[in-house]
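Topology and contacts: notes
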Amino acid sequence: MTGTVSAEFVDRRPAPHKTGVPPRPRHRGVTSDVHRGGIRWALVAWTMTLLFFAPVAWMALTSFHREVDAATNPPSLFAELTFEQYGQLFDRGVTPFLINSAMASCVSTLLVVMLAVPAAYALSIKPVKRWTDVMFFLLSTKMLPLIAALLPVYLVVQRLNMLDNVWTLVVFYTAMNMPIAIWMLRSFLAEVPREVLEAAQVDGANLLHVLWHVVRPIAMPGIAATALICIIFSWNEFLFALNLTATRASTAPVFLVGFITNEGLFLARLCAAATLLSLPVLIIGFAAQNQLVRGLSLGAIK
Amino acid sequence: MVTMAESAAEVDARSRMTKGGRRQRWLRRAPLLPALVLVIVVTQLPFLTTLVISSFQWNVLSPGQRSFSGLTNYVTVFTDERLRSAAVNTVTLTASVVILSLLLGLLLAVLLDRKFVGRGLARTLLIAPFLVMPMAAALLWKHAIYNPEYGLINGTLNAVWQLFGADRGPVISWVDSFPMPALVASLVWQWTPFMMLILLAGLQSQSNDVLEAARVDGASGVATFRFLTLPHLRRYLELAALLGAIYVVQAFDHVFTITQGGPGAATTNLPYEIYLTMFREYEYGEAAAAGVVAVVGTIIVSIFALRVVSSLFHEEVTR
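Residue numbers run consecutively from 1 along every chain, following the written order of its sequence. For this description, chains carry letters from A and ligands carry numbers from 1, given in the order in which they are written. Residue-level local features of this predicted model are given only where pLDDT is at least 70; pairs of side-chain atoms are given and counted only at 80 or more, and the full residue set underlies all totals for whole chains, interfaces and linings.

Looking at an unreviewed UniProt entry, one finds chain B named Sugar ABC transporter permease and attributed to Phytoactinopolyspora halotolerans. For the record of chain B, the UniProt heading Subcellular location (unreviewed entry) holds the text "Cell membrane". UniProt positions are given in the numbering used here, feature names are shortened, and annotations may be inferred rather than shown by experiment. The Sequence similarities (unreviewed entry) field of the UniProt record for chain B holds the comment "Belongs to the binding-protein-dependent transport system permease family."

The name recorded for chain A in an unreviewed UniProt entry is Carbohydrate ABC transporter permease, from Phytoactinopolyspora halotolerans. In UniProt, chain A has this text filed under Subcellular location (unreviewed entry): "Cell membrane". In its Sequence similarities (unreviewed entry) section, the UniProt record describing chain A reads: "Belongs to the binding-protein-dependent transport system permease family."

Structure below.
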């Protein structure tokens, strides 16, 4: 039996992915099959990949076209390239939107990290009683639909005269990302070796001292990954940005609202705007892709 | 006598200990409190306020008429045709997006789990749809892809038709003819990478020894996948589905941009309907009641979600 199934089997089995696993023995005579299977596999995988990536590629390509070449049928792939659309975007004042977004996401992320690191410390290194309950309370807050909180938030912010103010978004995004950040950071801090902390912790040592001089250096990769996830979520947030801002404090996604209707549509400029505003998150996401899965699964998956 | 003296000392010591203990407990809690208080004040108190508002007859357009109306708004919510269809649309949209992106994500994860030329680059490219700003993605699909005159789909069809000598390809208005599928497709495109990442992590955590043993025992690839890999992946599938559902239930950007809930109310989901009630009709009481109903619905789903996450979590803690 063993002799007959091997060829088919070698073809289908997923390749070993962990380093340190000895290479599996190749059976004589199936090498070419493996090779052909490999090519077939690569073809299928790359076809799927390119299909999924096509809209992004199309968006980027069209953003470098002139309007006359953008809205054509059949699509023009090889039209002349230009930076004209990006220039137009800056002429039409995309800059304040970018600044507002950068402000809202960076400041809120900074606040999140400053509050979430001590919280994660109190949930992992020196855990409070019933710390798992706290964790699940935090998680459950992420599950409630934000739309149900919009009206009261809107009314309170209106009463406080804080509508159309970036700081309102900063506070809101800080609270919005806090549970995710705490979950993520807890999973990173739980990995910090106990001995390191105990050795460093002089009796009665100040908490801030421990956090800054012991926890921060060790947990830095985790803190960075958490910060990146928070920036992504607040940069892309639309519902609250749309309803809590008007003209001065509007963020990047709100800039795009003007492109929704069909009338007087400029496809190339739309693509330029979509590309430009997505670019920071694309860069961050690609840079942090190995940490992305851990953040998205709230630290449940390493 | 001796025992009494002892026990008195003991009681004394214990009371001193609990006092110190209480201080200790608060010292331990202190780092947690700022974060917790912020979360509760900013994201949880509003829900309670929503509960209060939902018992008012309150339309901003008729000022001075705010009055307590008990459960009237809930009666409206449960009898209103629009809200009922919004609830149905939410379930349809969420279920189709989660199931389809999970299946596609699984396929991609299985493909990427094997070595092939440029695997790292392929993975990077595949993450891109998830990272594109949802508003930008929605606009991209609405105008650059679905547009009947110059959208990518009809454009490609036209090119293929012309290649085979036809005069002109079919002109299909995708959003008007298939509003719900159009919405689902754009959301599936954004969420498939999310599913893929989680499932790929699941595949890569599978012990190689087990697969090797199956191979040595002569199991076929299909059988190995069906009886070893899928059971192993089950919890990852659950986690991906539930996290995905939490986000897709709240989908607003795509509905707001691509269909505006139309035609009619064919693609209006609960978030969009509540938004309309709030900021177009100014029926605050009714919007709040609909919000409460949405929250209750979500809590029911979340109980299952929490169970899944807690099984993963406790495993990690006890390890």
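Under the scheme used here, helices are H or I runs from DSSP no shorter than 4 residues and strands are E runs no shorter than 2 residues, and both carry numbers assigned from the N terminus. Assigned secondary structure in chain A consists of 14 helices and zero strands. Reading chain A from its N end, one meets helices and strands in the order α-α-α-α-α-α-α-α-α-α-α-α-α-α. With C-beta atoms placed from the backbone, a residue counts as buried when 20 or more other C-beta atoms lie within 10 Å of its own, as exposed when 12 or fewer do, and as partly exposed for counts between those limits. Residue burial in chain A is summarised as follows: out of 302 residues, 44% are buried. Whether two residues are in contact is decided by their C-beta atoms, placed from the backbone, lying within 7 Å. Taking as baseline every contact in chain A between residues at least 6 positions apart, the subset at least 24 positions apart corresponds to 77%.

Here the focus is the UniProt feature "transmembrane region" (unreviewed entry) in chain B. Following the UniProt record, the feature "transmembrane region" (unreviewed entry) maps to residues 32-53, 91-112, 124-141, 182-203, 236-252 and 287-309 of chain B here. Summarising residues 236-252 of chain B: 82% helix, 0% strand, and an end-to-end C-alpha distance of 26 Å.

Moving on: the nonpolar core. Ala-116, Leu-169, Ile-182 and Leu-185 of chain A together with Ala-136, Ile-198 and Leu-199 of chain B are the most contacted members of the largest nonpolar core, which totals 172 residues. The biggest single contributor to this core is helix α8 (residues 166-189) of chain A, with 17 residues. For the domain bounds, the source is a domain assignment made automatically or taken from a database. A domain-level breakdown of this core finds at least three residues from each of domain 1 (2-12 + 26-87) and domain 2 (90-296) of chain A. A set of buried residues drawn from Ala, Val, Leu, Ile, Met, Phe, Trp, Tyr and Cys, joined through C-beta atoms within 7 Å, is what defines a nonpolar core.

Glancing now at the interface of chain A and chain B. Opposite the 97 residues of chain A that make contact, chain B presents 95 residues. At 15 residues, the largest contribution of residues to the side of chain A that touches chain B is made by helix α2 (residues 31-63) of chain A. In the scheme used here, Gly and all other residues not listed as nonpolar or charged are polar, with Ala, Val, Leu, Ile, Met, Phe, Trp, Tyr, Cys and Pro taken as nonpolar and Asp, Glu, Lys and Arg as charged. Classifying every residue of the side of chain A that touches chain B by side-chain character gives 73 nonpolar, 16 polar and eight charged.

A few words now on unusual backbone geometry. Residues and elements named next belong to chain B. Its identity as a non-glycine residue notwithstanding, Gln-260 has a phi of 50°, on the positive side. Looking at the secondary structure, you find Gln-260 in the loop between α12 (253-259) and α13 (270-279). On the neighbour-count criterion, Gln-260 (15 C-beta atoms within 10 Å) is partly exposed.

On to the environment of Asp-113 of chain B, then. Considering the arrangement of structural elements, one finds Asp-113 of chain B in the loop between α4 (81-112) and α5 (119-131). Since 19 C-beta atoms lie within 10 Å of it, Asp-113 of chain B is described here as partly exposed.

Residues and elements named next belong to chain A. The assigned domain composition of chain A is domain 1 (2-12 + 26-87) and domain 2 (90-296). Every contact between the two is made by twelve residues of domain 1 and, on the other side, eleven residues of domain 2. Breaking the side of domain 1 that touches domain 2 down by element, the ones donating at least two residues are α2, α3 (67-70) and α4 (84-91). Tallying contributions element by element places α2 first for the side of domain 1 that touches domain 2, with four residues. When its residues are assigned to classes, the side of domain 1 that touches domain 2 shows five nonpolar, five polar and two charged.

Time to look at the UniProt feature "transmembrane region" (unreviewed entry) in chain A. All names here are of chain A. Per the UniProt record, "transmembrane region" (unreviewed entry) is found at residues 41-61, 97-122, 134-154, 166-185, 223-246 and 266-288. Counted over residues 166-185, helix gives 100% and strand 0%. Its end C-alpha atoms are 26 Å apart. Between the C-alpha atoms that bound residues 266-288 there is a distance of 33 Å. The span itself is 91% helix and 0% strand.

Structurally, Pro-129 of chain B can be placed in helix α5. For Pro-129 of chain B and Leu-100 of chain B, which are 29 residues apart along the polypeptide, the C-alpha to C-alpha distance reads 15 Å. With residues near it in sequence (within four places) discarded, Pro-129 of chain B still touches Phe-52 and Val-56 of chain A together with Trp-189, Gln-190, Thr-192 and Pro-193 of chain B.

This next bit is on the packing of α4 of chain B against helix α11 (residues 221-249) of chain B. All names here are of chain B. In this analysis an axis means a line fitted to C-alpha atoms, helices contributing only their contacting stretch, and an angle means the value between N-to-C directions, from 0 to 180 degrees. As a packed pair, α4 and α11 sit with axes 9 Å apart at the nearest point and diverge in direction by 140°. By the angle between their axes, α4 is oblique relative to α11. For the pair α4 and α11, the crossing hand works out as right-handed. For the pair α4 and α11, the contacting residues are Thr-90, Thr-94, Val-97, Val-98, Ser-101, Leu-102 and Gly-105 in the first and Leu-237, Ala-240, Ala-241, Gly-244, Ala-245, Val-248 and Val-249 in the second. By residue class, the composition of the contact of α4 with α11 is nine nonpolar, five polar and no charged. Here the word oblique covers every angle except those under 35 degrees (roughly parallel), over 145 (roughly antiparallel) and from 65 to 115 (roughly perpendicular). Crossing handedness: left-handed means the near helix sits turned counterclockwise from the far one by under a right angle, and right-handed means the same turn made clockwise.

Okay, helix α6 (residues 131-143) of chain A next. The span one expects for a helix is its residue count, reduced by one, times 1.5 Å. Its 13 residues give α6 of chain A an end-to-end C-alpha distance of 19 Å, which sits within 8% of 18 Å, the value for a rise of 1.5 Å per residue. Turning to α6 of chain A, its buried residues are Val-134, Met-135, Leu-138, Leu-139, Lys-142 and Met-143 of chain A.

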